[in-house]
Amino acid sequence: MVIYTIGIGADALTVRSLFGLRQINPSADLDEKTLTAIADMTGGKYFRARDTQEFSQIYSILDKLEPAESD
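Every chain's residues receive numbers from 1 upward, in the order its sequence appears when written. Whole-chain, interface and lining totals are the exception, using all residues; otherwise, since this is a predicted model, local features are given only for residues with pLDDT of at least 70 and side-chain atom pairs are given and counted only at 80 or more. Each side-chain value is worked out from all heavy atoms of the structure, with water and hydrogens disregarded.

1. A short note on the overall build of the protein
For the record, the criterion: Helix and strand assignments come from DSSP, with helices taken as H or I runs of at least 4 residues and strands as E runs of at least 2, each series counted from the N terminus. The buried label applies to any residue whose accessible area, calculated with a 1.4 Å probe on protein chains only, is under 20% of its type's maximum; exposed applies above 50%, and partly exposed to all values in between.
In terms of helices and strands, the protein carries two helices and four strands. Overall, the protein shows an N-to-C arrangement of helices and strands of β-β-β-α-β-α. When its C-alpha atoms are laid out on the principal axes, the protein stretches across 50 × 30 × 15 Å. Looking at the protein as a whole, 17% of its 71 residues are labelled buried.

2. Things to note about the environment of glycine 9
Defined as follows: By the convention used here, residues are in contact when the closest approach between their heavy atoms is within 4.5 Å.
Along the chain, glycine 9 falls in the loop between strand E1 (5-8) and strand E2 (13-17). Since its relative accessible area comes to 16%, glycine 9 is described here as buried. In sequence terms glycine 9 and threonine 52 are 43 residues apart; their C-alpha atoms lie 9.4 Å from each other. For glycine 9, the residues in contact, after removing those within four places along its chain, are Ser27, Arg48, Ala49 and Arg50.

3. Quick look at the pairing of strand E3 (residues 20-24)
Moving residue by residue along a regular strand, the side chains alternate between the two faces of the sheet. Rules: Following DSSP output, two strands are said to pair if at least two bridges run between them.
Judged from the five bridges that link them, E2 and E3 form a sheet pairing that is antiparallel. Counted as the bridge partner of valine 15 is arginine 22 from E3. Taken together, E2 and the strand that follows it, E3, pair antiparallel across an intervening segment of two residues.

Now the structure itself:
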């Protein structure tokens, strides 16, 4: 079975708090090493989506790699 993995989340995000604006990394806990290893072990591929545009592009690529039958 081929598994394609996707890491989702921005690298940096500015949020407003009680103390003003601060920068956070919503992907700090993203385990890209494991996601890449899973994809590699199964003959798949690891993708990284930092925003909705990249996520949409990944889905287009996956549709070409693994076309789904439709009625």
